[in-house]
Amino acid sequence: MAGADGDDSLYPIAVLIDELRNEDVQLRLNSIKKLSTIALALGVERTRTELLPFLTDTIYDEDEVLLALAEQLGNFTMLVGGPEYVHCLLPPLESLATVEETVVRDKAVESLRKISQEHSPVDLEVHFEPLVKRLASGDWFTSRTSACGLFSVCYPRVSSTVKAEIRQHFRTLCSDDTPMVRRAAASKLGEFAKVLELEYVKTDIIPLFTALASDEQDSVRLLAVEACVSIATLLPQEDLETLVMPTLRQAAEDKSWRVRYMVADKFSELQKAVGPEITKNDLVPAFQNLLKDCEAEVRAAAANKVKEFCENLPEDNREQIIMSHILPCVKELVSDTNQHVKSALASVIMGLSTILGKDNTIEHLLPLFLTQLKDECPEVRLNIISNLDCVNEVIGIRQLSQSLLPAIVELAEDAKWRVRLAIIEYMPLLAGQLGVEFFDEKLNTLCMAWLIDHVYAIREAATSNLTKLVEKFGAEWAQNTIVPKVLGMANDPNYLHRMTTLFCINALSEACGQEITTKQMLPVVLKMSNDQVANVRFNVAKSLQKIGPVLDSNALQTEVKPVLEKLASDSDMDVKYFAQEAISDLVWLAAPKEMKVRMLACFDLRGACRAEQDQTPDTCPHPDCCWHVERCRTRAGLSLPWSFELPQSSTPAL
Amino acid sequence: MGGPENTRIGKFATGALYSSQMKAGSYGAHVTDVTESGDTVESNLLPATSFSMTGLAVEPPRPTRVSSTATVQGLNLLQRAQSISMAGPGGGSSDVQWCFSQVKGAMDDDVAEADIISTVEFNHTGELLATGDKGGRVVIFQQEPESKNQPQCRGEYNVYSTFQSHEPEFDYLKSLEIEEKINKIRWLPQKNAAQFLLSTNDKTIKLWKISERDKRPEGYNLKEEDGRYRDPNTVTTLRVPVLRPMDLMVEASPRRVFANAHTYHINSISVNSDHETYLSADDLRINLWHLEITDRSFNIVDIKPANMEELTEVITAAEFHPDQCNTFVYSSSKGTIRLCDMRASALCDQHTKMFEEPEDPNNRSFFSEIISSISDVKFSHSGRYMMTRDYLSVKIWDLNMETRPVETYQVHEYLRSKLCSLYENDCIFDKFECCWNGNDSVVMTGSYNNFFRMFDRDYRQDVTFEASRENSKPRSVLKPRKISTGGKRKKDEISVDSLDFNKKILHTAWHPLDNIIAVATTNNLYIFQDKLN
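Just so it is clear, the structure is predicted and the values come from calculations on it, not from any experiment.

1. A look at the overall build of chain A
Here is step 1 of the chain: When helices and strands are counted, chain A shows 35 helices and zero strands.
Here is step 2 of the chain: Pairs at least 24 residues apart make up 67% of the contacts formed inside chain A by residues separated by at least 6 positions.
Here is step 3 of the chain: When the accessible area of chain A is evaluated, it comes to approximately 28,000 Å², of which 50% is carbon and sulfur surface.

2. Remarks on the overall build of chain B
Here is step 1 of the chain: Across its full length, chain B holds five helices and 34 strands.
Here is step 2 of the chain: Contacts in chain B between residues far apart in sequence, at least 24 positions, make up 58% of those at least 6 positions apart.
Here is step 3 of the chain: When the accessible area of chain B is evaluated, it comes to approximately 23,000 Å², of which 49% is carbon and sulfur surface.

3. A closer look at the side chain of R28(A)
All names here are of chain A.
Here is step 1 of the chain: Along the chain, R28 turns up in helix α2 (residues 25-33).
Here is step 2 of the chain: Under the relative-accessibility criterion, R28 is labelled buried at 12%.
Here is step 3 of the chain: Polar side-chain contacts of R28 include one of 3.3 Å to the backbone oxygen of E23.
Here is step 4 of the chain: Not counting residues within four places of it along the chain, the set of residues in contact with R28 comprises E19, L20, R21, N22, E23, D61, E62 and V65.

4. Thoughts on the sheet that holds strand β14 (residues 268-271) of chain B
All names here are of chain B.
Here is step 1 of the chain: The strand order β14-β15-β16-β17 describes an open sheet built from four strands, whose pairing is antiparallel. The open sheet is flanked by β14 and β17 (297-302), the only strands paired with a single partner. In this sheet, neighbouring strand axes are inclined to one another by 20 degrees on average, regardless of whether the strands run parallel or antiparallel.
Here is step 2 of the chain: Here strand β16 (residues 285-290) runs beside β17; their pairing, made up of five bridges, is antiparallel. Paired with N287 across the bridge in β17 is N299.

5. Considering the interface of chain A and chain B
Many analyses report the size of an interface as the accessible area lost when the parts associate.
Here is step 1 of the chain: Counting residues at the interface gives 40 residues for chain A and 43 residues for chain B.
Here is step 2 of the chain: When chain A packs against chain B, close to 3,800 Å² is buried across both sides, 53% of that on carbon and sulfur atoms.
Here is step 3 of the chain: Considering only the surface of chain A that becomes buried against chain B, R21(A), Y60(A) and E100(A) emerge as the three largest contributors, covering 21% of it.
Here is step 4 of the chain: Summed over the shared surface of chain A and chain B, the number is seven salt bridges.
Here is step 5 of the chain: Applying the counting criterion to the chain A and chain B interface returns 23 residue pairs in polar contact (both at pLDDT 80 or more).
Here is step 6 of the chain: Sorting the residues of the side of chain A that touches chain B by element identifies α1 (7-19), α3 (35-56), α8 (141-148), α11 (179-195), α13 (218-234) and α16 (257-265) of chain A as the ones contributing at least two each.
Here is step 7 of the chain: Take the side of chain A that touches chain B: its biggest share by element is eight residues, from α1(A).
Here is step 8 of the chain: Partitioned by chemical class, the residues of the side of chain A that touches chain B number 17 nonpolar, seven polar and 16 charged.

6. As for the nonpolar core
Here is step 1 of the chain: With 232 residues, the main nonpolar core has I231(A), V306(A), I349(A), W450(A) and L544(A) as its most contacted residues.
Here is step 2 of the chain: V306(A) has contacts with F287(A), L291(A), I326(A), V330(A), L345(A), V348(A) and L352(A), leaving out every residue within four places of it along the chain.
Here is step 3 of the chain: Counting residues in hydrophobic clusters, the runner-up holds 20 residues, among them W98(B), F100(B), V103(B) and Y526(B).

7. Concerning the pattern of salt bridges
Here is step 1 of the chain: Scanning the entire structure with this criterion turns up 62 salt bridges over all chains.
Here is step 2 of the chain: Here E129(A) ties to K133(A) by a salt bridge, and the two come within 3.3 Å at their closest N and O atoms. Here E129(A) pairs with K133(A), and both are found in helix α7 (residues 121-136), just four residues apart, close to one helical turn.
Here is step 3 of the chain: One salt bridge connects R420(A) with D453(A), and the closest N-O pair in it is separated by 2.9 Å. Taken together, the residues span a long stretch of sequence, with R420(A) in helix α26 (residues 417-450) and D453(A) in the loop between α26 and α27 (456-473) at a distance of 33 residues.
Here is step 4 of the chain: For D453(A), a relative accessible area of 10% puts it in the buried group.
Here is step 5 of the chain: Linked through salt bridges whose partners overlap, the residues forming this network are D63(A), E100(A), E101(A), K209(B), R255(B) and R256(B).

8. Some points on a nonpolar patch on the surface
Here is step 1 of the chain: Taken together, the side chains of F366(B), Y423(B) and F429(B) present a nonpolar region at the surface, about 340 Å² in accessible area.
Here is step 2 of the chain: Note on placement: F429(B) falls in the loop between α5 (419-424) and β26 (434-436).

9. Here's the deal with α26(A)
Here is step 1 of the chain: Over its 34 residues, α26(A) extends only 11 Å from the first C-alpha to the last, a length that falls short of the 50 Å expected when each residue adds 1.5 Å.
Here is step 2 of the chain: By the largest-angle criterion, G435(A) marks the main kink of α26(A), which is about 120 degrees.

10. Re the environment of K33(A)
Here is step 1 of the chain: Within the fold, K33(A) resides in helix α2.
Here is step 2 of the chain: If near-sequence neighbours (up to four positions away) are discounted, K33(A) is found in contact with A68(A) and Q72(A).

11. Quick notes on the side chain of Q433(A)
Here is step 1 of the chain: Residue placement: Q433(A) occurs in helix α26.
Here is step 2 of the chain: With sequence-adjacent residues up to four places away left out, Q433(A) is seen in contact with L388(A), D389(A), N392(A) and I397(A).

12. Some details on the packing of helix α10 (residues 160-174) of chain A against helix α12 (residues 198-213) of chain A
All names here are of chain A.
Here is step 1 of the chain: Put simply, α10 and α12 touch, their axes get as near as 10 Å, and they point 10 degrees apart. One way to sum up the angle between α10 and α12 is to call them roughly parallel. Facing R167, F170, R171 and C174 of α10, the residues of α12 in contact are Y200, D204, L208 and L212.

13. Let's talk about the state of the cysteines
Residues and elements named next belong to chain B.
Here is step 1 of the chain: Applying the stated criterion across every chain yields a total of zero disulfides over all chains.
Here is step 2 of the chain: In this structure C435 is not part of a disulfide, and its nearest cysteine sulfur, from C434, lies 7.3 Å away.
Here is step 3 of the chain: Of the residues examined, C435 reaches a relative accessible area of 7% and is grouped as buried.

14. Overview of the packing of aromatic side chains
Here is step 1 of the chain: In the structure shown here, the tally under the stated rule is 37 aromatic pairs over all chains.
Here is step 2 of the chain: Aromatic side chains F267(A) and F287(A) sit 4.9 Å apart centroid to centroid with 40 degrees between the ring planes, which places their arrangement in the tilted category. F287(A) shares its class with F267(A); the two are buried.
Here is step 3 of the chain: Seen from their ring centres, F258(B) and W289(B) are 5.3 Å apart, and the 70 degrees between their planes marks the pair as edge-to-face. Placement of F258(B) in strand β13 (residues 242-258) and of W289(B) in strand β16 is noted, with a sequence separation of 31 residues between them. The burial state of F258(B) is the same as that of W289(B); both residues are buried.
Here is step 4 of the chain: Each member of the aromatic cluster is reached from another via a ring pair, and the members are F100(B), F452(B), F465(B), Y526(B) and F528(B).
Here is step 5 of the chain: Between R21(A) and the ring centre of Y220(B), over which it is positioned, the NZ or CZ distance is 3.7 Å.

15. Side note on the confidence of the model for chain B
Residue and element names in this part refer to chain B.
Here is step 1 of the chain: Residues of chain B with pLDDT of at least 70 account for 81%, and the chain-wide mean is 81.
Here is step 2 of the chain: Within chain B, the lowest mean pLDDT, 30, falls on strand β1 (residues 12-13), and the highest, 98, falls on strand β10 (residues 184-187).
Here is step 3 of the chain: On the interface metric, ipTM, the complex scores 0.76, and its pTM is 0.78.

16. A short note on the environment of N75(A)
Residue and element names in this part refer to chain A.
Here is step 1 of the chain: Secondary-structure assignment places N75 in the loop between α4 (63-73) and α5 (90-96).
Here is step 2 of the chain: Linking N75 and L89, residues 14 residues apart in sequence, is a C-alpha distance of 10.0 Å.
Here is step 3 of the chain: Side chain to side chain, N75 and K114 meet in a polar contact 2.6 Å long.

So, how was this worked out
- Residues numbered from 1 in each chain as written.
- Chains lettered and ligands numbered in written order.
- Predicted model: local features only at pLDDT ≥ 70, side-chain atom pairs only at ≥ 80, totals over all residues.
- Heavy atoms only, no water.
- Helix = DSSP H or I, 4+ residues; strand = E, 2+ residues; numbered from the N terminus.
- Contact = heavy atoms within 4.5 Å.
- Areas by Shrake-Rupley, 256 points an atom, 1.4 Å probe, with all protein chains shown as cover.
- Buried < 20%, exposed > 50% of the residue type's maximum accessible area, 1.4 Å probe, protein only.
- Polar contact = N/O pair within 3.5 Å; in protein donor to acceptor, adjacent residues only side chain to side chain.
- Pairing = 2+ DSSP bridges.
- Axes fitted to C-alpha atoms, helices over the stretch in contact; angles between N-to-C directions.
- Buried area = accessible area lost by both parts, 1.4 Å probe.
- Salt bridge = Lys/Arg side-chain N within 4 Å of Asp/Glu carboxyl O.
- Nonpolar A, V, L, I, M, F, W, Y, C, P; charged D, E, K, R; others polar.
- Core = buried A, V, L, I, M, F, W, Y, C linked by side-chain atoms within 4.5 Å.
- Patch = residues over 30% accessible without salt bridge, like charges linked within 9 Å, V, L, I, M, F, W, Y side chains within 5 Å.
- Expected span 1.5 Å × (residues − 1).
- Bend = angle between axes of the 7 residues up to and from the residue.
- Parallel < 35°, antiparallel > 145°, perpendicular 65-115°, else oblique.
- Disulfide = S-S within 2.5 Å.
- Phe/Tyr/Trp six-rings, centres within 6.5 Å; stacked < 30°, edge-to-face > 60°.
- Lys NZ or Arg CZ within 6 Å of the ring centre and 35° of its normal.
- pLDDT = per-residue confidence, 0-100.

Here's what the structure looks like:
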C-alpha cells in the first residue's frame, strides 16, 4: 500500500501526517479524525512501530484532539494487523486513561473495553490484565479511576488465579484514600457484580457495597444507591432481605439529602429490582417518607416518580395502596411551598387517572388537577395542560374545560414571553382534544392575538401554530376562519404586522392548497410589492419564491413574473437581491428536463458536484457552485423563457 | 555553639540577581528571583563580606551599615539564647530557630502597584509555592531537591512558572472596571503528573494546569525542520514524526473559566475534599461549582436582604472542612462564623452552628464592630479546630464549642489605643490572613511594620519577627522583635509610634509538612525556615 502508487497518492497522506502536529487545533483534529487513512497508508507494520509510539506520547494536546484520538484507537484493531496485534493499542490508550479530563479518560476506557473483546484469552492475561493492574495501582487517582471501568470486561475471560487478583484489586480501590476513586469504584460496583460468580457477589461485593454505602463522604454513598439496583437483581429473593435491604433502608433515611435524592431518583428501578413483596412492605412507606421529605429537591425527585411507582405496584392491591398511602401524600404536594415540587408533580399527576379509573379520577384527582390549573406558578399550569391527553382518555376533557379556559387565557397573556411560547406549543394538541367548535369559540382569538405579539419569537411560533391547526382542521376551516384574518393584517399600519401576513402565507400556502393560494393569498402578496417599507418588499419576493411551487403556471407567468421583475429593479439592494434569488429559483423550477441538463453541463462544476447532479437547489450541499441559475444563464448565453411547463411535483427530478 | 557563623554558608543571595535588567524589565519585578544556588562561600564570621554580597549591589556599601551588621550579629547570639530559653515557636518542637532563606522580588524602594503580592499559597506537598499579585500574574516557585553535600540546607524555591492569570476588564453593563488583582489561589489535590490551581480576581475564577514537557516531535514530510518547504515531488516515502528529548519546558494553560456567577467581589475560594467541587464566596453569596462544569453553579448561601438598606453584615471568608465534604464555614463582618451542613439541605441559608464570642462591654467603642470583623478563617489540618483573624487578635475555635474560642491570641494589642488614627488612614480595614503550621501546633499571622507573629499553642508562647532586608543574610537567625507598650522603652524595643503602617504583612503561608514559611511584604516574598543541624 505505502508508496506503491507513486507520489500522487502520497501527497495527501503526507499532509495529514504533518498536520498531526500543526499549530492549528482544528487541523490537528481533522488529521486525528483521519488517523485510519494515515494508518492504512503506512501499513500495519509502520503503524505499530512508528505511528503508535508517536501517539502514545501525544498526550499534551487539547482535550478535543485527545478525545478524538481515544475514540479512533477503539476502532484500530484491523489497522495494526488484526486481533493478533491488538495489544499494540494498549500503550497509547493507557496514557490517555491517565489524563485529567474526565471525558477523555472515559473515552479511553470505552475504547479499552472495546478492544479487550478482541484480545485472545491468552493476550488478555499477558497484555490487558497487567495494564489494568498498572492503572489500578497507579500513583495518581486518574489512573485508578480508569481502572475501575476495566475490571468487568476482563474478569469473565481470565483464569481463576487472575480472577482472584482482580477481585483483590477492586477491593483495594473501594477503600482508596481518594474519594474520586471510591466514587469510580462505587459507580462500577453493579457492573462488576454482574460478571462475578454468585458466591463472590455474596462474599466480596456485599461487604464492599455495605462499606461504600456507609462511606464518610455522601458523594460516595449516593453512588452506592445505583449499585443497589444491579446487586438486588442478581441476588435470589430470599437473600435480599439480609444482604441489601438494611443498606437500602439506611440510604432512604440518610442524613444527607443528596443520598435520599438518589434513592428517590432511582425509585422505579429499585422497585423493580426488589420485587413486589418488599415493595409492599418496605418501599411504600419509604416512598411516603420521600414524598414528605424536608428537602424540596428530594420531594421533587420523588414527585417525579409518583406515576411510575404506582404503575409498577403489584396489581392485586395497587388501587388500595395508592388510595390509602400515596394519594394523601400527593394531595399535600399539590400545595407544596416549593414550585419545583409542584411542577414535578404536575408533570406526572395526570398519569394517575389511567391507573385509578374514571370514578376515582373524578372524585379524587379532578380536584387536584383543578387546583394545579389555578396554581400561581405558570410552569405548574403548563405541565398540567401538556398532559391533558391522559385525562382525556379516561374522563374526557370536557370535565376540565371550565377551569381549563381561564388557565389557558392567563398563560396566553402571561407577561413572560417564554411562558406564552410554551402555551402556544400546546395549542394544536389542545385544539385536537377540545374540537373545532370549542376552539373557534374560545381559543381562536388568542391564536390570532399572538400574531401581533410584540416579541418576534411569539409571532413566529404563532405562525407555525396556524399551520398545524390547518393540518388538523383542514383547508376549508382555514379559508373561513384564519385566512381572512391573516389577510386583513396586510393593511395594518405596523409593518411588522404586515410582514406577519407574509410569514403566515409562506407557512399556510402548502396546507391550504393551490386554489386558496392562487385566489386569495397571491393577490394580497402581489399588492404588497408596492409597500413603502423595503423589508416588506423583499419579504414579498421571498414569499413568491416560497409559494411559487404551489401556484399554477398561468399565475406564475402572468402575475408573479412581472412583479418579480419589477422588484428585481428595485432601488433597494436587498429587495433586488431577493427578487433575483426568487427568479432564479422559479426559472429552475419551471425549466424542462433538457434545459436543466444543458444548464448544468455548461457549468464548470467541481468534481464533487458532478457526482451530485441529481440534487435539487434545496438539497445541494454546494449552493455556491452550481445552483445559481442566474449565473448559469449568463454563462451559457441562454435566455430562459418564462413559459416553461410547470412540472407536476414541486421537486423536479432530472 | 553552632551559631550561623560557624556553619558553612550554603546557598546564598548574591548581588548579581538584584540587577533589575535581568528580569524585572521583561516581566515585572515580582518574579525576580534574588537568590541563586551554587555560589558557596567558605565563611567563618564574615558578616561584612557576606552582607556586601547580598545588599550592596543595590545600594553602595555604607560603613554605618557594616558596623550595624556587626551589632546585629552580636545581638543575634543574644537573641538566640533568649529564644532557646523561651522555647520559641515552631513545628511542635520547642526549639525551632527561624532563619532567613530567600527573598524574592525587586529590592528597589519604589513599588510598582502591579507587583504588590496579593496572595501566597503552598501546594499540598509544599514542593510548589504560588503567589498572585495585583497585576494579575501568578508566579510559581518550585523547591529544589535537597543537595546531598549540604544536608543541613533545605532546597530553595526557584521560579518554576510565571503566567498572566487575569487581565483588567470592563463590565460595560454596569460601567465597572474589573481589576486583574488575584484575590486567592487554591491548589487542587494532585490528580496526575500535572499540577492544577484555581485563581480568582473579583469576578472570575480560572482553573490552570501547570505541566512539564520534555519531548518534542521532529520530522515533517513536506518541510524541513527549519520550516523550508520541500518540493512535493521529492516526497517518496512517508515519515512519521518522532519525539526527541528537549529542555524541560513548563507550561501553564487555562483549562476552565468560571465566570458570571458573582455580582459582588469574590473573597474566597475553597476546594472540597470530594475533589470534584469547590465553593466561591463573595460579599453576600456563596456558590458551589463542579470543577468540570463552567456553565452553571449552585448558590448555596445568600444573605442578601430584600432591601439593601437592611444590610448589616457581609461574608468575609469561607472555607470547606478539610475532610468532611459536606461541611463549610463562612465568617462575617460582624465577627461571627457560621458552619453549614450541606447534607441537611440544598440551600444552606440556615446554618448548623454559629460561633460567636459575647462582646466584652468594657471594650465597647465606636470601633468595636469594625475590629471584630473577621478577615480570614482557616480550618486546622486535623479538621477539629478553626482559626479566625480579626483586626487585633487570632482566635482558635473548637468546632464542638460555639460559645467562645478555646484560645485567643493578641496580635498587636498595643494598637487598641491607636484605632482612631488607624481608622483615619484606612488601615483598620486591612484584611490580615492567618495560617496553621503542618501539625496545627503553631499559628502565624501578619502585622504592621513588616512584623509577623507566631503563637505556639502547646507552649502558650508567642514571638514577633520582622521580614526585612537587613536580615537577609542566608541562614541568619531571625531575632525576635519587641514592641514597647508604654512605660520606659527598653534598649532593644521598638516604640509603637515608630511603627510603619505602610509596611504590612497580610499574606503568609506555612509549608504543609516542614518548618518553611512564606511571608509576603508589599512586593517581596520572604522565605524563612528552621535551622537544621
